Amino acid sequence: MTAAAGMDSPSSSPVRGTPLLKDELDIVIPTIRNLDFLEMWRPFFQPYHLIVVQDGDPSKTIRVPEGFDYELYNRNDIKRILGPRAACISFKDSACRCFGYMVSKKKYIYTIDDDCFVAKDPSGKEINALEQHISNLLTPSTPYFFNTLYDPYREGTDFVRGYPFSLREGTPTVVSHGLWLNIPDYDAPTQLVKPRERNTRYVDAVLTIPRGTLFPMCGMNLAFDRELIGSAMYFGLMGDGQPIGRYDDMWAGWCIKVICDHLRLGVKTGLPYIWHSKASNPFVNFKKEYKGIFWQEELIPFFQTVVLPKDCTTVHKCYIELSKQVREKLGKIDPYFTKLADAMVTWIEAWEELNPPGTAAEVVNGSSNGK
């Protein structure tokens, strides 16, 4: 592990305003290259601690711009820290980022890809994505009844006429799913038929994803409450040696949504936007995705119908139960899912070793609204 601190470097840029949750949030970045993209993010990210998870060749040196407080883990560090359990962390895939979630000791996590830059709103103002994510997480969600003015906790809006007063307290928000301008997050077939399509639509809205509704989570602009949902934020087995890729964040999203619905926790999507700068190769993507494209037609009905027992009262218990059902029901599709179910258990074991039970990660603080 490499650690560095340079917060008082003379090259540091001034930070705009007082940073929110400065000592309660880590930024996790998976990468195979120098992190020059951080220069654009300096005004927003510099006050925070970074956890860099280096994928690929561990002998390669990754350069982090001067002035950032960070720690860097490569594959050798992962093996040293987790031992045999390191096999649950993907290699040669951005799914390796979830190791950063495991070693963090902060309450909140923000994760971003290294090809994501600062976006601008329609007025031309630079978007502080981190600030918006924090706002999303610190205000409740409304998964049990849809508010037609979207997020009622934003300034200038409220609950509309007819919204039940018994549900207006909402539930704790544990996931904030941000979006992207420029290159949209498309699968390979869509990339191939729409190679020049760019997302230029800025929708000024934050929505709670309703209870019982799944969504395709993207990990390139994502924040979450590590204490309440972090142990379920496992990005699965992808990349080197695996029959599938580019389903890591979506797998985690399906798992956390089922668990959030069960434990009465909330997930938001919408603002903030980042600028996604680079389109990945659709032919390479198709090779990674093609089995998943077929498998997801069975995976989605599985997650839509999965039922967690009432005695699953913590995220850990829910995740272990989910792993059992993955083994029993999805293992029939392909042996990969039996291997994935084993890895889900290993992930929880590794999480508990680094974050012993009884910490805040084991506590559920959901509202009973909507029972």
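Structure's up top.
What you see is a predicted model; the values in this text were computed from it and never measured.

Draft legend 1. Up close: the overall build of the protein. Secondary structure assignment for the protein yields 10 helices and 10 strands. Compactness check: the protein gives a C-alpha radius of gyration of 20 Å against a globular reference of 21 Å for 371 residues, within 12% of the reference. Within the protein, the fraction of its 371 residues that count as buried is 52%. Residue pairs at least 24 apart in sequence account for 76% of intrachain contacts in the protein once pairs closer than 6 positions are excluded. In the structure as shown, the protein presents an accessible area of about 16400 Å², 53% of it carried by carbon and sulfur atoms.

Draft legend 2. Representation of the nonpolar core in the model. Residues Ile229, Met233, Tyr234, Trp251, Ile259, Tyr319 and Trp347 are the most contacted members of the largest nonpolar core, which totals 69 residues. Non-local contacts of Trp347, meaning those with residues more than four positions away in its chain, are made with Cys88, Ile89, Cys98, Met102, Gly230, Ser231, Met233, Tyr234 and Tyr319. Core analysis: the second largest hydrophobic core is formed by 32 residues, Ile29, Phe44, Phe45 and Ala223 among them.

Draft legend 3. Looking closely at the pairing of strand E7 (residues 173-182). Burial of E7 is extensive: 9 of the 10 residues sit out of reach of the surface. Here E7 runs beside strand E10 (residues 266-276); their pairing, made up of 9 bridges, is parallel. Counterpart to Val175 in the pairing with E10 is Val267.

Draft legend 4. View of the pattern of salt bridges. Enumeration over the complete set of coordinates arrives at 17 salt bridges. Close ionic contact of Lys257 with Asp261 constitutes a salt bridge, the shortest N to O distance being 2.8 Å. Taken as a pair, Lys257 and Asp261 lie in helix H7 (residues 248-263) at a separation of 4 residues, close to a single helical turn. Residue classification places Lys257 among the buried residues on the basis of a relative accessible area of 1%. Judged by its relative accessible area of 13%, Asp261 falls in the buried class. Overlapping salt bridges, with partners in common, bring together Arg85, Glu349 and Glu353 in one network.

Draft legend 5. Representation of helix H2 (residues 75-82) within the structure. Among the residues of H2, Arg75, Asp77, Ile78 and Leu82 are the ones counted as buried. Angular distribution of buried residues about the axis of H2 spans 160 degrees; they occupy a single face of the element. Here the buried face of H2 lies against strand E3 (49-54), strand E4 (69-73), helix H3 (98-103) and helix H10 (335-354). The N-cap residue of H2 is Asn74: its side-chain oxygen and the backbone nitrogen of Asn76 are 2.9 Å apart. Positive phi shows up at Gly83, right after H2, with a value of about 60 degrees.

Draft legend 6. Structural view of the pairing of strand E2 (residues 25-31). Along E2, 7 of the 7 residues are buried, which leaves the element largely enclosed by surrounding structure. Burial of E2 is two-sided: the residues Leu25, Ile27, Ile29 and Thr31 facing one way and the residues Asp26, Val28 and Pro30 facing the other way are all buried. Pairing between E2 and strand E5 (residues 108-112): 4 bridges, direction parallel. The residue bridging Ile27 from the neighbouring strand is Tyr110, located in E5. Bridge analysis of E2 against E3 gives 6 bridges, and the strand direction is parallel. The partner of Pro30 across the bridge, within E3, is Val53. What joins E2 to E3 is helix H1 (residues 38-45), and the crossover it makes is right-handed.

Definitions and limits used
Residues numbered from 1 in each chain as written. Predicted model: local features only at pLDDT ≥ 70, side-chain atom pairs only at ≥ 80, totals over all residues. Heavy atoms only, no water. Helix = DSSP H or I, 4+ residues; strand = E, 2+ residues; numbered from the N terminus. Rg over C-alpha atoms; globule rule 2.2 N^0.38 Å. Buried < 20%, exposed > 50% of the residue type's maximum accessible area, 1.4 Å probe, protein only. Contact = heavy atoms within 4.5 Å. Areas by Shrake-Rupley, 256 points an atom, 1.4 Å probe, with all protein chains shown as cover. Core = buried A, V, L, I, M, F, W, Y, C linked by side-chain atoms within 4.5 Å. Pairing = 2+ DSSP bridges. Salt bridge = Lys/Arg side-chain N within 4 Å of Asp/Glu carboxyl O. Arc of directions from axis to C-beta. Polar contact = N/O pair within 3.5 Å; in protein donor to acceptor, adjacent residues only side chain to side chain. Right-handed = clockwise from strand over helix to strand, strands pointing away.

Worth remembering: the numbers are spatial, not functional.
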